[in-house]
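# Survey of secondary and tertiary structure
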Amino acid sequence: MSQRQGRFEGWRLLAVLTLSLLALSLWIASMRQFEVEGVRMVIRFTARSSLLLFCLAFSAAALARLWPNPWTRWQRRNRRYLGLSFAASHAIHAAAIVAFANMDPAGFAGATSAASYIFGGIGYGFIVAMSATSFDRTAALVGPRAWRALHLVGGYYLWFQFMVSFGKRVPAMPLYAAFLVPLLAVMALRLIAMAARPRGQTVAAG
């Protein structure tokens, strides 16, 4: 492992990514004087940063199994921190959504629906539960079987939610189809890794 890689591991990686996301979000909002359009730009930015970080965490075990190399070993080693960075990105996303709702209630009502509240709420519930059990002590409290079930079901639910969230925009904005490519790729990687594993061996949740 190189010295450069060693500096960006574990909690330091999480801190760097979280602070970078915060700084970029503030900079993006400031481009529109922190008005509604700036907040909406932050919502779009954090949706995309969350997608990237989710895909990195969700594909880590499969990539390390299929193509072991320094990058995939780093990715697998830091899967927990990439997942927590995804949670941080989506927390900023949630804060921007709340700001949008407060600043432009009519615009917010037009951009949301009852389904988005329900399915988005379930998604955030999974993010909170998965983040809370991403520490050794809390993981031990829930037990390995419950931990695996939570992270497996939660991971697939969030994958599906990303597919729906970006996919529903494709008819109006065809370029959004590009965001579906990494989602389909990480799912294909997981399925290939599951097919290639020795019989009786489980696949990691992340």
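Conventions we followed
- Residues numbered from 1 in each chain as written.
- Predicted model: local features only at pLDDT ≥ 70, side-chain atom pairs only at ≥ 80, totals over all residues.
- Heavy atoms only, no water.
- Helix = DSSP H or I, 4+ residues; strand = E, 2+ residues; numbered from the N terminus.
- Contact = heavy atoms within 4.5 Å.
- Axes fitted to C-alpha atoms, helices over the stretch in contact; angles between N-to-C directions.
- Parallel < 35°, antiparallel > 145°, perpendicular 65-115°, else oblique.
- Nonpolar A, V, L, I, M, F, W, Y, C, P; charged D, E, K, R; others polar.
- Phe/Tyr/Trp six-rings, centres within 6.5 Å; stacked < 30°, edge-to-face > 60°.
- UniProt positions renumbered as here; feature names shortened; annotations may be inferred.
- Buried < 20%, exposed > 50% of the residue type's maximum accessible area, 1.4 Å probe, protein only.

Looking now at the environment of Leu150. Its place among the elements puts Leu150 in helix H10 (residues 144–167). Linking Leu150 and Ala129, residues 21 residues apart in sequence, is a C-alpha distance of 7.9 Å. Look past the residues within four positions of Leu150 in its chain and what remains in contact with it is Phe126, Ala129, Met130 and Thr133.

Let us now look at the packing of helix H3 (residues 36–58) against helix H11 (residues 180–196). Contact geometry of H3 with H11 gives a least axis separation of 10 Å together with a crossing angle of 10°. By the criterion of interaxial angle, the relationship of H3 to H11 is roughly parallel. Within the contact between the two elements, H3 uses Leu51, Phe54, Cys55 and Phe58 and H11 uses Pro182, Leu183, Val186, Met187 and Arg190. Along the lines of polarity and charge, the residues of the contact of H3 with H11 split into eight nonpolar, no polar and one charged.

What follows concerns the packing of aromatic side chains. This model, assessed by the stated rule, comprises 15 aromatic pairs. Where Phe54 meets Phe162, the ring centres are 5.3 Å apart and the plane angle is 40°; that geometry is what we call tilted. You can see Phe54 sitting in helix H3 and its partner Phe162 sitting in helix H10, a full 108 residues away along the chain. Counting every residue linked through ring pairs, the aromatic cluster contains Phe54, Phe58, Phe86, Tyr156, Phe162, Phe166, Tyr176 and Phe179.

This next bit is on the UniProt feature "transmembrane region" (unreviewed entry) in the protein chain. UniProt tags residues 12–30, 50–68, 80–102, 114–135, 147–167 and 173–193 as "transmembrane region" (unreviewed entry). Across residues 50–68, helical content stands at 84% and strand content at 0%; the span's end C-alpha atoms are separated by 25 Å.

Let us look at the side chain of Ser49. Relative to the elements of secondary structure, Ser49 occurs in helix H3. Under the relative-accessibility criterion, Ser49 is labelled buried at 11%. Filtering out sequence-adjacent residues up to four positions away, Ser49 remains in contact with Leu21 and Ser89.

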